[in-house]
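# Residue-level structural notes
Residue strings, one per chain:
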Amino acid sequence: MNKQHAAPPQLPAEHTTPNPARSRNRRAVAHSTSTLPHPPHRIPILGDLLTADPARPTQNFVDLTRRLGPIFDTKIFNQHLTVVSGPAQYTELCDEKRFGKHIGFSIQAARELAGDALFSAYSTESNWSRAHNILMPAFALSAMKCYHDTMLETVRGLIAYWDERAHDGTVDVHTDTSKLTLETIARIGFGYHFDPFTRTKPDPYAAAVSRLFAFLGRSAYRIPVPWMEAIVHRGEIRQKNSDMTYVRQVIDDVIQSRRQDPGGQFDDLLQLMLTTADPETGQFLDDENVRNQVFTFLNAGHETTSGTLSFALHLLATHPDVADQARDELHSLWPADTDPDPEFGDIHKLRYLRRVVDETLRLWPIAPGFFREPKQDTTLGGYTVAAGQAMFALTLQVHRDPVWGEDPLAFDPDRFLPERTRSRPAGIYKPFGTGMRSCIGRQFALHETVLALALILHRYDLEPEPGYQLEVAEEFTLKPVGLRLGLRRL
Ligand code: MNH
């Protein structure tokens, strides 16, 4: 069905928590979008549906930018979305005094599964600040020390798995990086082991979780009229409901057994959420919210990091000079003929490898943009924009703007040398979003990514598949399609 774009229509009101700002501003919104440039061939009722690209929505926005400029309007049925892709306007859109996170479109769909957990909460909901205050310390750079050993053990699981496959043919990169990152966040999040590298049958919990994520990813492509959706997609919806019941039950069982064992020694995120009060209000998170947070971490914490790893491996395989330079750095820590035993502090010594990751997230920001809305009626790029208006900060385009220099599409990790970073305008590099709603898991993702790449590069030579052309799919996040690499033990 070819009828949608990046931003699925909002769920009807009964599925969502009402947002007073939105209903108040509905009329102004319709008016202010009418003066913006928009895609050609717009028609009544369907809007820009016929020229939209449901499979590659944000890559299509990048193409549209060339024709429509730094700020333009798109419309699918009655849903407008203002796309902002000029570096100057993007930087303005990140001004927290005038703009904030917008909960609409796909994030509304996520609320059905994750409620008011960190990612999908309105900034004004008390559970947002409560969870933010409780969890921030667990995601500080210093906290990564506690997770380092678990991350290392999980990466070693992947390495052992790849060792067995290294001599015959190629590996399915994204499937395997996803196994790695889901396992890492499940262990660190709530002490759950999927054991994806040793089990022969799929874990029923992992299978349910991955079907739910896929369901969320497809929400843009279902009929936006609830009673029609219920009929046309009844099989998929029945599966979603039973998966959701099962996942809730598993998480609730873990929560219950923790509650019954208050003296037990656990040091995971779940334990922190169950035993820590918000320092500001003295309040605890309730069980339903804790369950939603666990589910959110499993989701937010794994697809993004696995995408980063997959694109980095593709770029390293196709730029052997960069891979060699990264290996030189690794060998200065761990000689080529040893089995590395990375310590927490080692990860921060790998400055070149970190630049490889930064540059990967520039060219392929796994979260290709984020939603914003004006706090009050204002102007942007010479256009009036109304309070509550749905806007999209198109990171994917800003990261490729000529402001990055001569050849913005070239993969050049040294762009992130401190002196070159200083010579660019600030505020044009935002792979982790912006302001108070930016990514809480940034240090977590960077530590895991650098650690995994270090062990992989130290052990294997990466061979691209002859003739492979990178194709990028979108399901909220970007991911490479059909990426396979040959691994040769070094
Ligand atoms: Mn993460 C928010 C990108 C890894 C947990 N993340 C965001 C946002 C971006 C983002 C962009 C802002 C979204 C918005 O404005 O609507 N996140 C990433 C990327 C990676 C990543 C590119 C990996 C690379 N994120 C992780 C990991 C975790 C995590 C790992 C958890 C372990 N992210 C979150 C949570 C939020 C978030 C939770 C919501 C924070 C909030 O709104 O308070």
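Residues numbered from 1 in each chain as written. Predicted model: local features only at pLDDT ≥ 70, side-chain atom pairs only at ≥ 80, totals over all residues. Heavy atoms only, no water.

## Examining the site of the ligand
As a matter of local geometry, the ligand sits amid 24 residues, with Lys-101, Trp-128, Thr-308, Arg-437 and Cys-439 nearest to it. Here an oxygen atom of the ligand sits 3.2 Å away from a polar atom, N or O, in the main chain of Leu-118. In the environment of the ligand, an oxygen atom lies 2.8 Å from a nitrogen or oxygen atom belonging to the side chain of Trp-128. Secondary structure elements with two or more residues in the shell around the ligand: helix 13 (287-300), helix 14 (303-318) and helix 19 (442-459). Counting residues per element, the shell around the ligand draws most heavily on helix 14, at three residues. Of the residues belonging to the shell around the ligand, the class tally is 15 nonpolar, seven polar and two charged. (Near = heavy atom within 4 Å. Polar contact = N/O pair within 3.5 Å; in protein donor to acceptor, adjacent residues only side chain to side chain. Helix = DSSP H or I, 4+ residues; strand = E, 2+ residues; numbered from the N terminus. Nonpolar A, V, L, I, M, F, W, Y, C, P; charged D, E, K, R; others polar.)

## Section: the domain arrangement of the protein chain
What the domain assignment lists for the protein chain is domain 1 (6-114 + 368-418) and domain 2 (126-364 + 431-490). On a C-alpha basis, the centroid separation for the pair domain 1 and domain 2 is 27 Å. Counting from both sides, the interface comprises 36 residues of domain 1 and, opposite them, 37 residues of domain 2. For the domain 1 and domain 2 pair, buried surface summed over both sides reaches about 3300 Å², with 63% attributable to carbon and sulfur atoms. In terms of surface lost to domain 2, no three residues of domain 1 exceed Leu-113, Phe-411 and Phe-416, which account for 26% of the buried area on that side. Residue Arg-415 is joined to Glu-359 by a salt bridge in which the shortest nitrogen-to-oxygen separation is 3.0 Å. (Domains from an automatic or database assignment. Contact = heavy atoms within 4.5 Å. Buried area = accessible area lost by both parts, 1.4 Å probe. Salt bridge = Lys/Arg side-chain N within 4 Å of Asp/Glu carboxyl O.)

## Looking at the coordination of the manganese atom of the ligand
Protein coordination of the manganese atom of the ligand is limited to a single donor, Cys-439 (SG), positioned at 2.4 Å. On the secondary structure map, Cys-439 appears in the loop between helix 18 (418-422) and helix 19. (Donors = N, O, S within 2.8 Å, 3.2 Å for Na, K, Ca; no water.)

## Some points on the packing of helix 8 (residues 173-190) against helix 13
Closest axis-to-axis distance for the helix 8/helix 13 pair is 9 Å, and the angle between their directions is 155°. In this view, helix 8 runs roughly antiparallel relative to helix 13, as classed from their interaxial angle. For the crossing formed where helix 8 meets helix 13, the hand is right-handed. Listed contacts from helix 13 to Leu-182, Ile-185, Ala-186 and Phe-190 of helix 8 are Val-294, Phe-297 and Leu-298. Classifying every residue of the contact of helix 8 with helix 13 gives seven nonpolar, no polar and no charged. (Axes fitted to C-alpha atoms, helices over the stretch in contact; angles between N-to-C directions. Parallel < 35°, antiparallel > 145°, perpendicular 65-115°, else oblique. Left-handed = near helix turned anticlockwise from the far one by under 90°.)

## A few points about unusual backbone geometry
Most peptide bonds adopt trans geometry, and most residues besides glycine take a negative phi value. Of note in the backbone geometry, His-41 takes a positive phi value of approximately 65° without being a glycine. By relative accessible area, which is 64% here, His-41 ends up exposed. Non-glycine residue Ile-45 carries a positive phi angle of around 65°. Structurally, the position occupied by Ile-45 is in the loop between helix 2 (26-33) and helix 3 (57-68). (Buried < 20%, exposed > 50% of the residue type's maximum accessible area, 1.4 Å probe, protein only.)

## Let's talk about the packing of helix 14 against helix 19
Their axes nearest at 10 Å, the elements helix 14 and helix 19 cross at an angle of 35°. Helix 14 and helix 19 meet at a crossing whose hand is right-handed. In this structure, helix 14 contributes Thr-305, Thr-308, Leu-309, Ala-312, Leu-313 and Leu-316 to the contact, and helix 19 contributes Ala-445, Glu-448, Thr-449, Ala-452, Leu-453, Ile-456 and Leu-457. Here the contact of helix 14 with helix 19 is composed, by residue class, of nine nonpolar, three polar and one charged.

## Remarks on the side chain of Glu-183
Positionally, Glu-183 belongs in helix 8. Side-chain polar atoms of Glu-183 contact the backbone nitrogen of Asp-195, separated by 3.2 Å. Sequence-distant contacts of Glu-183, defined by excluding residues within four places in its chain, comprise Thr-154, His-193, Phe-194, Asp-195 and Pro-196.

## Details of the sheet that holds strand 12 (residues 484-489)
Here we have three strands laid out as an open sheet, ordered 4-12-9, and antiparallel in their pairing. Two strands in the sheet have a free side with no partner beyond their single neighbour: strand 4 (170-172) and strand 9 (460-464). Between one strand axis and the next, the sheet turns through 40° on average, direction left out of account. (Pairing = 2+ DSSP bridges.)

## Let's talk about the environment of Arg-199
Inspection of the secondary structure assignment puts Arg-199 in the loop between helix 8 and helix 9 (204-217). From its side chain, Arg-199 meets the backbone oxygen of Phe-194 in a polar contact 3.0 Å long.

## Details of the pattern of salt bridges
A full pass over the atoms with the stated rule returns 31 salt bridges. Where Glu-183 meets Arg-187, a salt bridge forms, and the shortest distance between an N and an O atom there is 2.8 Å. Placement of the pair is Glu-183 and Arg-187 together in helix 8, with a separation of four residues, close to one helical turn. The residues Glu-183 and Arg-187 share a single accessibility class, namely buried.

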